[in-house]
Amino acid sequence: MLQTIHITHAQKLLTWYDRHHRELPWRVSPAAAKAGERADPYHIWLSEVMLQQTTVQAVKPYFAKFLTLWPKVTDLAAAPVEDVMAAWAGLGYYARARNLKKCAEAVAAEHGGVFPDTEEGLRALPGIGDYTSAAISAIAFNRQSAVMDGNVERVISRLYAIDAPLPGSKPAMKARVAELTPTERPGDFAQAMMDLGATICTPKRPACSLCPFCDDCLAFAEHDPERFPVKAAKKEKPVRLGAVFVAVTPEGEVLLRRRVDSGLLGGMTEVPTTAWTSRIDGGTTTDHAPFPAAWEAFGTVTHVFTHFELRLSVFRAKTARISTADGWWEPVTNLEAQALPTVMKKAITQAIPRAFEKSPN
DNA sequence: TACCCGTGGCG
DNA sequence: TCGCCAAGGGT
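Residues numbered from 1 in each chain as written. Chains lettered and ligands numbered in written order. Predicted model: local features only at pLDDT ≥ 70, side-chain atom pairs only at ≥ 80, totals over all residues. Heavy atoms only, no water.

How should the nonpolar core be read in this particular structure?
Generally speaking, nonpolar side chains in soluble globular proteins are found buried as a group. If you look at the biggest cluster of nonpolar residues, it comprises 105 residues, and the most contacted ones within it are Trp45, Met50, Phe66, Trp88, Ile156 and Ile352. Of the residues forming this core, the biggest block, 7 residues, is contributed by helix 9 (residues 130–141). Lining this core are residues from two domains, each supplying at least three of them: domain 1 (9–227) and domain 2 (239–351). Residues Ala243, Phe245, Ala247 and Phe291 belong to the second largest nonpolar core, which totals 10 residues. (Core = buried A, V, L, I, M, F, W, Y, C linked by side-chain atoms within 4.5 Å. Buried < 20%, exposed > 50% of the residue type's maximum accessible area, 1.4 Å probe, protein only. Helix = DSSP H or I, 4+ residues; strand = E, 2+ residues; numbered from the N terminus. Domains from an automatic or database assignment.)

What follows is the structure, encoded as structure tokens:
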């Protein structure tokens, strides 16, 4: 009598992963993982924090730079926070960098420089939430943790055709992930779910014919996988206005300031700027310049943040090297080394077009 | 819970 | 061109 052999979702996915996994700088290949090799928890933690709401391609050069500058977590713990912010500049969500530094310090001081190897221990550290603690637990320590990120949400919502909108449906979806997560190779399973979401079960035009779940997927059976995941409606972005002031000395120095540690672009470097308000006339004139000077209009720059669009009027003035209470003068040739977020680089480039071009030396 | 928090690539 | 979205966390 013929016996039906039940192949689990996890087995199907892991077989797919063995053949189609992505090669990533922080990853141990499935072959090596089967041989018992584990990734460095420091590398996994660093990559996971960088990958929060950030694409793999954007992370790669930053990951390499951080490992060069700080090969071990204790090196990062000992580094000046200003150096960490400058190295993070351009990657966005700067609270991640502040928490990265705090987390490294906690691991060094409270854990002997060794990362906790449980989800609960990891979850207690700064910048490590539900997803990241589960991911490090599974990937670095091969524990059976239910890992759910945006990729997994998409895979699960399609596999079970979940109509309830995110984020409300998140707990139910995580329960499904927990059911699917195997006792064998849970770390590879977690990475495989994310690889599947990133390369096959994509937001638009998913490659369902190549998917190991095509026979099981309810969304595929309904012929409309793109309908999932269902998400709550998002609100529109308001416009905020402001002005920035690029002061340049005859010696080629620019006046910079450090933003407060909390809130938008917290702890990052800026050129003097007004408050950013929704007023039609809000701060677009020289009324709030850092000091009186022959301010000259240099057009505007627009920058879109997560929850508002910013339009900045750019002003430039040639000035003497005035002493200021809350700022410093930085040579234009050294701006690249500063912790300048992208919006500030845009504004400076508007006033000094060649500010961030590589010097001959 | 809902809001705050960057950036760049892509269809 | 522009809305979408990416390995989310903090409060």
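Would you take a moment to explain the protein's contact with DNA strand B for this structure?
Surveying the vicinity of DNA strand B reveals 18 residues, the closest of which are Leu265, His303, Thr306, His307 and Thr342. Measuring from a phosphate oxygen of DNA strand B, one finds a side-chain N or O atom of His307 at 2.4 Å. Separating a phosphate oxygen of DNA strand B from a backbone N or O atom of Thr342 is a distance of 2.6 Å. Among the residues making up the surface near DNA strand B, the classes are represented as 9 nonpolar, 9 polar and no charged. (Near = heavy atom within 4 Å. Polar contact = N/O pair within 3.5 Å; in protein donor to acceptor, adjacent residues only side chain to side chain. Nonpolar A, V, L, I, M, F, W, Y, C, P; charged D, E, K, R; others polar.)

Before we go on, may I ask you to explain the protein's contact with DNA strand C in this structure?
Close to DNA strand C lie 24 residues, the nearest being Glu48, Thr132, Asp149, Asn151 and Arg154. The protein-proximal atoms of DNA strand C, defined as those within 4 Å of the protein, are 63% sugar or phosphate. Here a base nitrogen of DNA strand C and a side-chain polar atom of Glu48 are 2.8 Å apart. Here a sugar or linking oxygen of DNA strand C sits 2.5 Å away from a polar atom, N or O, in the side chain of Asp149. Of the residues contributing to the surface near DNA strand C, the split by class is 9 nonpolar, 8 polar and 7 charged.

Got a minute to help me understand the UniProt feature "domain: HhH-GPD" (unreviewed entry) in chain A in this structure?
Within this structure's numbering, the places UniProt gives as "domain: HhH-GPD" (unreviewed entry) are residues 50–199. Across residues 50–199 one finds 65% helix and 0% strand; the C-alpha atoms that close the span lie 19 Å apart. (UniProt positions renumbered as here; feature names shortened; annotations may be inferred.)

I tried to follow the pattern of salt bridges on my own but got confused; where do I start?
Note on pairing: side chains with opposite charge can pair once their charged atoms come close. The tally for this structure, following the rule as stated, stands at 20 salt bridges. The shortest N-O distance in the salt bridge between Lys34 and Asp18 comes to 3.1 Å. Placement of the pair is Lys34 in helix 2 (residues 30–34) and Asp18 in helix 1 (residues 9–20), with a sequence separation of 16 residues. Judged by its relative accessible area of 30%, Asp18 falls in the partly exposed class. Where Arg259 meets Glu270, a salt bridge forms, and the shortest distance between an N and an O atom there is 2.8 Å. A residue pair is termed long-range when its members are at least 10 positions apart, and Arg259 in the loop between strand 2 (253–258) and strand 3 (269–270) and Glu270 in strand 3 qualify at 11 residues. Shared partners join several salt bridges into a network, and the residues in it are Asp18, Lys34, Arg185 and Asp188. (Salt bridge = Lys/Arg side-chain N within 4 Å of Asp/Glu carboxyl O.)

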